[in-house]
Amino acid sequence: MSYDYLLLTVFLAIAVIFPLIPLALAWLWARTFSPAKPGKDKQASYECGIESTGTAQIQFQSHYYLYALVFLVFDVETVFLLPFADMGFFRIPVAGFLALMFFLLLLLESLVWAWAKGILEWK
Amino acid sequence: MNDTLHLLKLLAPESILLDTSLLILVLGLIPATATKRNLLLCITLLGGLLAGAWLFFVPENANLFHGMVVLDPLTRLVKVAVLVLSLITAVFAVGSNVREHFGEYLALILFSTIGMMLLAGTEDLLMIFIALEMTSIPLYVLTGYLKRSSASAEAALKYFLIGGVSAAFLLFGLSLIYGVTGSTSLHDLGGMSRDAALDPLLLAGVVMAMVGFGFKVAAVPFHLWAPDVYEGAPTSTAALIASGSKVAGFLILAKLLTFGFAAADGNAGWAQMLPGWLPLLAILATASVVVGNLAALSQSNVKRILAYSAIAQSGYMLIGLTAAGKNGVSSVVFYVIVYALTTLGAFGVVSLVEQRRGGSQLHHFQGLHKSAPGLAFCMGVFMISLAGIPPLAGFIGKFYLFASALGSASSNGNLPLLWIIVLAVAFNAVSLYYYLIVLKHIFVIPSSVESAAPEPRSATSTLVGLLALAVFVLGLYPSLLLEPISSAYTSAVKFSIKSGSAMR
Amino acid sequence: MPTEFLLTATFLSAFLGVALILMLPVRFGAAAKWIALLSALTGFGFAIAAFRGYDMSPGAAPIQSVINFPWVEKLGIGFVTGADGISLVMLLLTGIIAITGILFSWNVTQQPRAFFALFLTIIGGVYGVFQSLDLFLLFVFYEIVIIPKYFLISNWGSTNREYGAMKLTIYSVAGSALVLLALLGVYVVNPDVSFDLMRLAYFKFPLGFQLWAFPVMFLGFAILAGIWPFHTWAPTGHVAAPTAVSMLLAGVVMKLGSYSALRVAMVLFPAGLDYWRMPIAILATVGIVWGALVALAQRDLKFVVGYSSINHMGFVLLGLVTLNTIGLSGAVLQMFSHGIIGGLLFAVVGRMIYDRTHTREISLLGKMGLAKAMPFVAFTFTVASVASMGLPGFSGFIAEISILLGAWKAFPVLLIFSALGVVVTVAFTLRALQRSFFPALTGSPELPGADAEHPHDFEPISLPERLGALLLMAATLGIGLFPNILLDPILRSFESPHSIMHRLIQEVAK
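Bear in mind that the values here come from a model prediction, so they are computed numbers and not experimental data. (Residues numbered from 1 in each chain as written. Chains lettered and ligands numbered in written order. Predicted model: local features only at pLDDT ≥ 70, side-chain atom pairs only at ≥ 80, totals over all residues.)

Novice: How should I be thinking about the overall build of chain C in this particular structure?
Specialist: Scanning chain C from terminus to terminus reveals 22 helices and two strands. Computed over the C-alpha atoms, the radius of gyration of chain C is 22 Å, within 12% of the 24 Å expected from 2.2 N^0.38 for a compact globule of 510 residues. Taking the principal axes of the C-alpha coordinates as reference, chain C spans close to 80 × 60 × 40 Å. Taken over 510 residues, chain C has a buried fraction of 63%. (Helix = DSSP H or I, 4+ residues; strand = E, 2+ residues; numbered from the N terminus. Rg over C-alpha atoms; globule rule 2.2 N^0.38 Å. Buried ≥ 20, exposed ≤ 12 C-beta atoms within 10 Å, placed from the backbone.)

Novice: Mind showing me how you'd approach the overall build of chain A here?
Specialist: Per the secondary structure count, chain A includes four helices and zero strands. When the elements of chain A are put in sequence order from the N terminus, they spell out α-α-α-α. The C-alpha atoms of chain A give 28 Å as radius of gyration, which overshoots the globular expectation for 123 residues (14 Å, by more than 25%). Dimensions along the principal axes, computed over C-alpha positions, put chain A at roughly 75 × 60 × 25 Å. Counting only residues that meet the buried cut, chain A has 0% of its 123 residues in that class.

Novice: Would you mind showing me how to read the environment of Gly396(C) here?
Specialist: Residues and elements named next belong to chain C. You can see Gly396 is positioned in helix α18 (residues 395–410). Separated by 56 residues in sequence, Gly396 and Ile340 place their C-alpha atoms 9.6 Å apart. Look past the residues within four positions of Gly396 in its chain and what remains in contact with it is Ser337, Ile341, Ala387, Ser388 and Gly390. (Contact = placed C-beta atoms within 7 Å.)

Novice: Which parts of the structure should I look at to understand the domain arrangement of chain A?
Specialist: Many authors give the size of an interface as the accessible area that is lost as the parts come together. Once the domains are mapped, chain A shows domain 1 (4–43) and domain 2 (63–116). A C-alpha centroid distance of 48 Å is found between domain 1 of chain A and domain 2 of chain A. (Domains from an automatic or database assignment.)

Novice: How should the environment of Gly366(C) be read in this particular structure?
Specialist: All names here are of chain C. For Gly366, the position within the fold is in helix α15 (residues 362–366). Owing to 19 C-beta atoms within 10 Å, Gly366 belongs among the partly exposed residues under this scheme. As for Gly366 and Pro439, which are separated by 73 residues in sequence, their C-alpha atoms are 6.0 Å apart.

Novice: What should I look at first to understand the arrangement of the chains in this one?
Specialist: Among the two pairs of chains that make contact, the interface with the largest number of contacts is formed by chains B and C. Where chain A comes nearest to chain C, the C-alpha atoms are still 48 Å apart, and the two do not contact one another.

Novice: What should I look at first to understand the nonpolar core in this one?
Specialist: In globular proteins that are soluble, nonpolar side chains generally tend to be buried together. Counting residues in hydrophobic clusters, the biggest one holds 407 residues, and the most contacted among them are Val247(B), Ile421(B), Met217(C) and Leu317(C). Not counting the four nearest positions on each side in its chain, Val247(B) is found in contact with Val78(B), Ala81(B), Val82(B), Leu85(B), Val336(B), Ile337(B) and Ala340(B). (Core = buried A, V, L, I, M, F, W, Y, C linked by C-beta atoms within 7 Å.)

Novice: Mind showing me how you'd approach helix α4 (residues 94–116) of chain A here?
Specialist: Count 3.6 residues to each turn of an α-helix, and residues three or four apart come out pointing the same way. With 23 residues, α4(A) ought to run about 33 Å at 1.5 Å a step, and its terminal C-alpha atoms sit 32 Å apart, in line with that. One or two residues past the end of α4(A) sits Gly118(A), with phi positive at roughly 80°. (Expected span 1.5 Å × (residues − 1).)

Novice: I tried to follow the pairing of strand β1 (residues 64–72) of chain C on my own but got confused; where do I start?
Specialist: With six bridges connecting them, β1(C) and strand β2 (residues 77–83) of chain C associate as antiparallel partners. Within β2(C), the position partnered with Val72(C) by the bridge is Ile77(C). (Pairing = 2+ DSSP bridges.)

Novice: I would appreciate a short explanation of the interface of chain B and chain C in the present structure.
Specialist: In this complex, chain B contributes 30 residues to the contact, which on the side of chain C involves 32 residues. Of all the secondary structure elements, the ones that give two or more residues to the side of chain B that touches chain C are α17 (393–408), α18 (418–443) and α20 (479–499) of chain B. Counting residues per element, the side of chain B that touches chain C draws most heavily on α18(B), at 11 residues.

Novice: Would you explain the packing of helix α3 (residues 85–104) of chain C against helix α20 (residues 463–481) of chain C in this entry?
Specialist: Residues and elements named next belong to chain C. Contact geometry for α3 and α20: axes closest at 8 Å, N-to-C directions at 155°. Overall, the two elements α3 and α20 adopt an arrangement that is roughly antiparallel. Two packed elements cross with a definite hand, and for α3 against α20 that hand is left-handed. Here Ile96, Ile99, Thr100, Leu103 and Phe104 of α3 come into contact with α20, specifically with Pro464, Glu465, Leu467, Gly468, Leu471, Leu472 and Ala475. (Axes fitted to C-alpha atoms, helices over the stretch in contact; angles between N-to-C directions. Parallel < 35°, antiparallel > 145°, perpendicular 65-115°, else oblique. Left-handed = near helix turned anticlockwise from the far one by under 90°.)

Novice: Please clarify how the confidence of the model for chain A should be interpreted in this entry.
Specialist: Low pLDDT means the predicted coordinates in that region are not meant to be read closely. Mean pLDDT over chain A stands at 84; residues scoring 70 or higher make up 95%. Taken element by element, the predicted model of chain A shows its lowest mean pLDDT in helix α2 (residues 40–43) of chain A (71) and its highest in helix α1 (residues 4–33) of chain A (92). (pLDDT = per-residue confidence, 0-100.)

Novice: Sorry, what's going on with the pairing of β2(C) here?
Specialist: Put simply, side chains in a regular strand alternate between the two faces of the sheet. With respect to burial, β2(C) is a largely interior element, six of its seven residues being buried. Where β1(C) folds back onto β2(C) in an antiparallel hairpin, the turn is made up of four residues, including Gly76(C), whose phi is positive at roughly 75°.

Novice: I tried to follow unusual backbone geometry on my own but got confused; where do I start?
Specialist: For residues besides glycine, phi is generally negative; the peptide bonds are generally trans as well. The omega torsion of the bond from Val220(B) to Pro221(B) falls at 0°, within 30 degrees of zero and hence cis. On the secondary structure map, Pro221(B) appears in the loop between α9 (200–216) and α10 (225–232). In this structure, Pro229(C) follows Trp228(C) across a cis peptide bond, with omega equal to 0°. Assignment of secondary structure puts Pro229(C) in the loop between α9 (207–225) and α10 (233–240).

Novice: How do you make sense of the packing of helix α13 (residues 302–321) of chain B against α17(B) when you look at a structure like this?
Specialist: Two measures define how a pair of helices packs: the angle their axes make with one another and the distance between the axes. All names here are of chain B. α17 packs onto α13 with a crossing angle of 40° between their chain directions and a minimal axis gap of 7 Å. Relative to α17, the element α13 lies oblique. Two packed elements cross with a definite hand, and for α13 against α17 that hand is left-handed. Along its contact with α13, which presents Tyr316, Met317, Ile319 and Gly320, the element α17 presents Lys398, Leu401, Phe402, Ser404 and Ala405.

Given below as structure tokens:
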């Protein structure tokens, strides 16, 4: 019978409980010893000493999401280009080179598409 | 180089579709003109026809990467069917209410089609998942395409959330199966012994995989997305979901269950149930038939009626799957293709009525036999075929399904699967009621709206007429489709034994 | 022309008529009835030619003119048709009803093309059922008939037509579902992949299978034949339907059920039949008595006729399960006879009376002095009534007496109740006839819309109506006086030793 998973379970339990202990102690201390005196200034959010105005909720611009998508696509492209640029430039056969050029062409097309659809402009 | 070219040649249809979609994406950027939509449609059709021609005229069988891509006559036949269905959907899209981003719409349809074709041609668990996602994700986007319609957005969200959860179930199940058996290829799975198949972990994996597929084919209880999606999505998207994704989904489900999980089948007979996917399939099937037909009785929107009808029809096809074996797979493939043609036609009529009358509730169809008698007649053909009344194709399909299922386990007058067939035949009779209600509104109830000038012919209506003709001809002469399917199956088995893929 | 093609030509002429009518432009809608009449006449001509061509010599096979070619080979379905005496009699009936139905619909002006196209579709389907020897083919033709009925009744019908149409269709489909279930069982259990009746008739199905398959299949067919207690669609549906459709329904479509029950259910499952014989006979007898008693209480003349159909079909079903030659041949003859008589009754009530008086209430009709205003109608209705009562000289007498004699041999106790049913039949028929046409009038007749200044007569009976009525009356009188014309072929089916129908008598009857 193998005890591997048992060891792992114990480790997991300790890993969860260990950081919770100080937090629990702090909470208990606060409950027993500290007075309950909430105040407007004490509860306000910290803004480098300046008084906060307005609410903390601003409308999230959905355009960030489109940017993140476009970034993701081109970032993955860069990752794929890395080995090609780094050391494969003189060592891959013609077919590989053509395949990579096709890959770049596809991504160029997607850039053109994103540009034409107006995704690259902030709205 | 040779290998790459060979791979390209084998996967040429998918590649051609991919190139077509990329071309359409680029061309979709030109400013809108009167002919832009038709130009894009023509390119789509050209690409699709080229891909289809390749499938027809380059009949090379292959088994690549240990089952990841399998080309044999049966998969080629289903790929051609899926291609035809998608092209018809694209034609419907041109006349529909999708106005903005039309190039992307067609491109997404093609992406989904590529996914369906890959799904039809694979026998590997991982590839199944990839192809399934490749089919579904464009469909999620296509569902939410009408940006100004809240119904469309709601439908897309429901579809995506439920689809995502089901995909998670599917992946977890497939990974459990991989963990137990050590292989992702259906061929290796098929070689499993019956003792090994009783492993609880494996059965759990099978059940979870069926959850994923149950969502795809809209089986009860994984059907809750279907009515809202069919109603809210643009009609051409709903048509694609109802037709193409079902065809590919059922073929791969048939192959997975019949050949991959053959050892874990169990028994669904009335007094002799054994654990496995057969009793699960039987329960899913009968539940779908019952719930789908009963829920459709009270609907007032024709698209929702078609959605619940789709759920019930999935039930009938799942019943055919319980036959497992040549009859099971052939009957399911035949019926799913016939059903896809019929439902495409019905959605075409709905799309035309939506454009001309502004909605797809039952009362929008009133008086259609006066203003568009041809369309009304075609809708009659589709509804009656869906109800399974001879001499139309739906009846032969249902008959073949039920006969295969009943005959698969029978011996000497004993019919253990009779309980399934009794429920199916009974609720099939019930279904005639709601199909007749649609026809009643079309043919019997006079319209309360002044009818406009006679409707102009369009590409959509011509296609609808052709589909009605196809349903009628297949009903009178079903061998047109049955023979190719049957011979494709036999050749596929021969090839598979030779090349080491899963079919037996 | 070889007789095989004559048989196929019957339903082909009907479907060709449908195609021609659908191709007519809307302006020429009035031509639809002429095309329909032509199609019906040619179909009847082919049926008569096939009947004349039936070889009755002792050596000839009972079922003749067999066509057999594969239709869907993968599933073992073939296009097999042929006819024996029973089929030919029913084909003749279909031809007569088709012609007279069209004649009595001569005044249809609302969408005539659709009306006659749907009518001919039903006729084609009915022709097909009566000559099919492949079970699947028979089922296909059987189902072709269902959907046109719905549209005919809901579009052109009268009282409560949408409800009546839906009820009729759902009942029909429910019956077909039962038949489909049993048919699937037959397909799966027999060792060949085949639907050929001639082969299946000799296969001994396992007893357990027969015990459930027979009642399911028989009931499925008998629902269309109006078996009690699943008969309630018939009066509602018949009343709701336009005249020609009522004639079709009562005349031919109900016979589809009883014919198929005889040809398929009883032939395939002799052991099951033996077991379930008595319950069916009891249900049939209840239908006879119930139909008659309920008809006695009706106020609407068409409902009287509708329930009389249930009564007469009860006789057919009773005759079917007597399982002796005289009872079975009487049942088949009653199918023909009631087809004609029921058609005539519905024609009179629907076309001749209702289209003119716009009411079917017996009490109101009685006040109109119809006997004096429409003498031809009075004559026709009297002839139809006495034929319906089973007066000797008309076809109903031979049929009913044969059935009763057969029942005497098989179910003596039930015979008493059936005979009581006959008495009540006489009662309700005479009541309806007397109160609507020949009441003792006090005061002047009250015609609809008439007053002292503008008394008006009814529109005269048109030529098509006269021709139709004369044809039907001639048929019932002719067979009543010379029943051998039909009985000879029928008896040949049951008595010829090679016939599959003969096995019914020799195997099961004790």
